Amino acid sequence: RLVAKNARWDIEHKLESNIESYISLLQDSKPVVVREVIRNMKEIVPYKPQLLPILQEAFLTIPLQNYKESMANLIVRDQEDFEKWIEKRTKEDLI
């Protein structure tokens, strides 16, 4: 969460340098971690829009089959919410 929250002040581009490490959390064995990472992506994109394609592509790597169906469905819903949020912000020219 702190990584995402600090995207606003990252003038040294540390997030870009370490984005793979952040994205790797989408592979975590705990679905709660995956959901938190997806939700926190909304903190990154307004300040690092160049990372959006990388973040969206990372969604394809989430091992949904490793989670109970109920949790996998929640992760998919979080992904959809993020995509809707991106679409809305794009229409408003905020990204």
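Residues numbered from 1 in each chain as written. Predicted model: local features only at pLDDT ≥ 70, side-chain atom pairs only at ≥ 80, totals over all residues. Heavy atoms only, no water.

**Student:** An account of the overall build of the chain is needed here, citing residue identities and associated values.
**Tutor:** Per the secondary structure count, the chain includes 6 helices and 0 strands. For the chain, the α and β elements follow one another from N to C terminus as α-α-α-α-α-α. Compactness check: the chain gives a C-alpha radius of gyration of 13 Å against a globular reference of 12 Å for 95 residues, within 12% of the reference. Its C-alpha atoms put the chain at 40 × 30 × 20 Å along the principal axes. Within the chain, the proportion of its 95 residues that are buried is 36%. Within the chain, contacts between residues at least 6 apart in sequence are counted, and of these 67% link residues at least 24 apart. As displayed, the chain has an accessible area near 6200 Å², and 53% of this comes from carbon and sulfur atoms. Positive and negative side-chain charges of the chain, numbering 15 and 16 respectively, have mean locations separated by a distance of 6 Å. (Helix = DSSP H or I, 4+ residues; strand = E, 2+ residues; numbered from the N terminus. Rg over C-alpha atoms; globule rule 2.2 N^0.38 Å. Buried < 20%, exposed > 50% of the residue type's maximum accessible area, 1.4 Å probe, protein only. Contact = heavy atoms within 4.5 Å. Areas by Shrake-Rupley, 256 points an atom, 1.4 Å probe, with all protein chains shown as cover. Lys, Arg positive; Asp, Glu negative; His and termini not counted. Charge placed at Lys NZ, Arg CZ, Asp CG, Glu CD.)

**Student:** So what's going on with the pattern of salt bridges? Residues and values would help.
**Tutor:** Pairing between side chains of opposite charge can happen when the charged atoms of each approach one another. For the structure shown, the criterion picks out 7 salt bridges. A salt bridge links Glu12 to Lys14; the nearest nitrogen and oxygen atoms lie 3.5 Å apart. Take Glu12 and Lys14: they sit in the same class, and that class is exposed. Of the charged contacts, one joins Glu36 and Arg39 as a salt bridge, the two residues approaching to 3.3 Å between their closest N and O atoms. Note that Glu36 and Arg39 are positioned in helix 4 (residues 31-44) at a spacing of 3 residues, about one turn of the helix. By relative accessible area, Arg39 is classed as partly exposed at 39%. Each of Asp10, Glu16 and Lys48 takes part in a single network of salt bridges with overlapping partners. (Salt bridge = Lys/Arg side-chain N within 4 Å of Asp/Glu carboxyl O.)

That's the geometry; what it means functionally is another story.
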